[in-house]
Amino acid sequence: MKQIKKIAVAIVLFVAATSFVNAQAKIAHIDVQKLLSEMPEMKAAEAELKKLQETYRADIESSMTELQNKYTQYKNESSSKSEEENQKRALELQGFEKNIGEAQQTASQELQKKQGELLGPITEKAKKAIEAVAAAQGIDYVVDATQGSGLIVAKGKDILPEVKKQLGF
């Protein structure tokens, strides 16, 4: 009877130890921001966004210069104009300022939209490559090691080189 108990306890301990060993998940980490910044597609997207941003900036600066010139002109001519004419001009300047503000807001929204269109497929491609490398290496969890993402210690496997290889760069 005692031997049966010993054998039963030994079996339970063996099963528990085996389960514990099998239950340990493989974890790796990757600096996603670094991966994205090194992707050729990202560099092209950033260049396109910068070009679009510069176009919007130039248009808005041109409008601001035009507004400043009109303001100066109207200010210099104000003494020779009637009160009614000066009020019309002030309303015109306010409308112009409002249009510039709306243009700035529209430009910002268009930039955000374009950023989503350009960066969405790139981040999806990176995610699929990370998933493929993790699956190929039997990794259960991949943690983002980007600075400030909450990862404090990263002594595990860094899969950045394998993901870059998967992406072909």
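Residues take numbers from 1 onward in each chain, read along the sequence in its written order. The predicted nature of this model means local features are confined to residues of pLDDT at least 70 and side-chain atom pairs, given and counted, to a pLDDT of 80 or more, with totals for whole chains, interfaces and linings taken over all residues. Hydrogen atoms and water are omitted, and side-chain values are computed over all heavy atoms in the structure.

Asks: Please explain the environment of V142 as it appears in this structure.
Replies: To qualify as a helix, a DSSP run of H or I must reach at least 4 residues; to qualify as a strand, a run of E must reach at least 2; elements of each kind are numbered from the N terminus. Checked against the element boundaries, V142 lands in strand 2 (residues 141–144). Any residue under 20% of the maximum accessible area for its type is buried, any over 50% is exposed, and the rest in between are partly exposed; the area is computed with a 1.4 Å probe on protein chains only. Note on V142: relative accessible area 30%, which makes it partly exposed. Considering only alpha carbons, one finds V142 and I159, 17 residues apart in sequence, at a separation of 8.7 Å. Residue contacts are counted whenever heavy atoms from the two residues lie within 4.5 Å of one another. Leaving out residues up to four positions away in the same chain, V142 has contacts with A28, I30, I130, A134 and I159.

Asks: Teacher, can you tell me more about the pattern of salt bridges here?
Replies: Here the idea is simple: oppositely charged side chains can pair when their charged atoms come close. A pair is scored as a salt bridge if a Lys or Arg side-chain nitrogen falls within 4 Å of a carboxyl oxygen belonging to Asp or Glu. One pass over the full model with this rule turns up 11 salt bridges. For E38, the salt bridge identified is with K164, shortest N-O distance 2.5 Å. Of the two residues, E38 sits in helix 2 (residues 32–38) while K164 sits in helix 5 (residues 160–167), which places them 126 residues apart along the sequence. A relative accessible area of 24% places E38 in the partly exposed class. A single network of salt bridges, built from pairs that share partners, joins E54, R57 and E61.

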